[in-house]
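# Coordinate analysis (summary)
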Amino acid sequence: MRIYRAKDYEEMSRRAAGIVSAQIIMKPDCVLGLATGSTPIGLYKQLIEWYRNGDLDFSAVRTVNLDEYKGISRENDQSYYYFMHQNLFDHVNIPAENTHLPDGMEPDSEKECGRYEELIRSMGSVDLQLLGIGHNGHIGFNEPSDVFDKQVHCVNLTQSTIEANKRFFASAEDVPRQAYTMGIQTIMRSKKILIMANGEGKADIIRDSFFGPITPKVPASVLQLHNDVTLVADEAALSKI
Ligand code: GLP
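Owing to the predicted nature of the structure, the values given are computational and were not obtained by experimental measurement.

## Thoughts on the overall build of the protein
Helix and strand counts for the protein come out as seven helices and ten strands. A compact globule built from 241 residues should have a C-alpha radius of gyration of about 18 Å, and the protein, at 17 Å, falls within 12% of that. For the protein, the spread of C-alpha atoms along the three principal axes comes to 45 × 40 × 35 Å. Taken across its 241 residues, the protein has 44% of its residues classed as buried. Sequence separation of at least 24 residues holds for 79% of the intrachain contacts in the protein that already meet a minimum separation of 6.

Here it is as structure tokens:
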């Protein structure tokens, strides 16, 4: 695993954006696995800036997102569909048909998970998967568990994730209780993984994930078994290693 230590959020975002743009330049029709959350917003801003300067072309790039809340529509400003359009897709020249997220409005979990897993497989390997990390070590929405969940599946969000995400909703009651997410196996099939973390609040989980035992109780710890992982984090998130 490579670790890049950035001095702050801005530097972390630029570093990570550099890795994503290198991927796009090396392979213009690459498949990017994308993530939501507050962590990658600066990276997306940087990519938009480089696109506007004429340094990046998204016309052949294809994307698959990690996850989506179940039961909220695309128009809901808390849906990950909305987030991705707001923070990236609406600002670059990526064709709409090249971008993919789970359909949060499909009530039949088995049907939607099967469809999304099949779609990802049909695109070939994800060339570069971007990840954030939850305070409990979740990646995508793979919550701590007794087993590593394999493929795309529907999860019940843990209380700690509902608590962490309630800042985006009117109240904790409004946070959806379930989500569709790529599974650990889906994520581990990616050729390269880029994980980002910032802030002191992530320091414990970064230490536990990358320097502790590999266990489904800390889902991100499975990344120790992947052969091409880059962690880009600020000093605060790396302060306990
Ligand atoms: C959500 C997302 C994750 C993300 C995590 C951390 O639960 N499903 O993909 O990594 O939050 O969010 P943040 O980057 O805001 O700390």
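Once the structure has been displayed, the description carries forward.
## Some points on the pairing of strand 8 (residues 178–181)
Pairing of strand 4 (residues 67–69) with strand 8, which is carried by three bridges, proceeds in the antiparallel orientation. Note on strand 8: the bridge partner recorded for Tyr69 is Ala179. With four bridges joining them, strand 7 (residues 153–156) and strand 8 adopt antiparallel strand pairing. Bridge pairing links Cys154 to Tyr180 in strand 8.

## Observations concerning the sheet that holds strand 9 (residues 192–197)
Taken in spatial order, the seven strands make up an open sheet running 1-10-9-6-2-3-5, and their pairing is parallel. With one partner strand each, in any of the chains shown, strand 1 (2–6) and strand 5 (99–100) form the two edges of the open sheet. Direction of pairing for strand 9 relative to strand 10 (residues 229–234): parallel, over a ladder of five bridges. When the bridges of strand 10 are listed, Leu194 appears paired with Thr230.

## Things to note about the site of the ligand
Not every one of the 14 residues close to the ligand is listed here, only the nearest: Gly37, Ser38, Thr39, Gly132 and Gly134. Its residues assigned to classes, the shell around the ligand shows four nonpolar, nine polar and one charged.

## Section: the packing of helix 1 (residues 9–26) against helix 2 (residues 41–52)
It is the contact of helix 1 with helix 2, at a shortest axis distance of 8 Å, that shows an interaxial angle of 55°. Taken as axis vectors, helix 1 and helix 2 run oblique relative to one another. In this structure, helix 1 meets helix 2 at a crossing whose hand is right-handed. In this structure, helix 1 contributes Tyr9, Glu10, Ser13, Arg14, Ala16, Ala17, Val20 and Ser21 to the contact, and helix 2 contributes Gly42, Leu43, Gln46, Leu47 and Trp50. Tallied by class, the residues present in the contact of helix 1 with helix 2 amount to seven nonpolar, four polar and two charged.

Rules behind the numbers
Residues numbered from 1 in each chain as written. Predicted model: local features only at pLDDT ≥ 70, side-chain atom pairs only at ≥ 80, totals over all residues. Helix = DSSP H or I, 4+ residues; strand = E, 2+ residues; numbered from the N terminus. Rg over C-alpha atoms; globule rule 2.2 N^0.38 Å. Buried ≥ 20, exposed ≤ 12 C-beta atoms within 10 Å, placed from the backbone. Contact = placed C-beta atoms within 7 Å. Pairing = 2+ DSSP bridges. Near = placed C-beta within 6 Å. Nonpolar A, V, L, I, M, F, W, Y, C, P; charged D, E, K, R; others polar. Axes fitted to C-alpha atoms, helices over the stretch in contact; angles between N-to-C directions. Parallel < 35°, antiparallel > 145°, perpendicular 65-115°, else oblique. Left-handed = near helix turned anticlockwise from the far one by under 90°.

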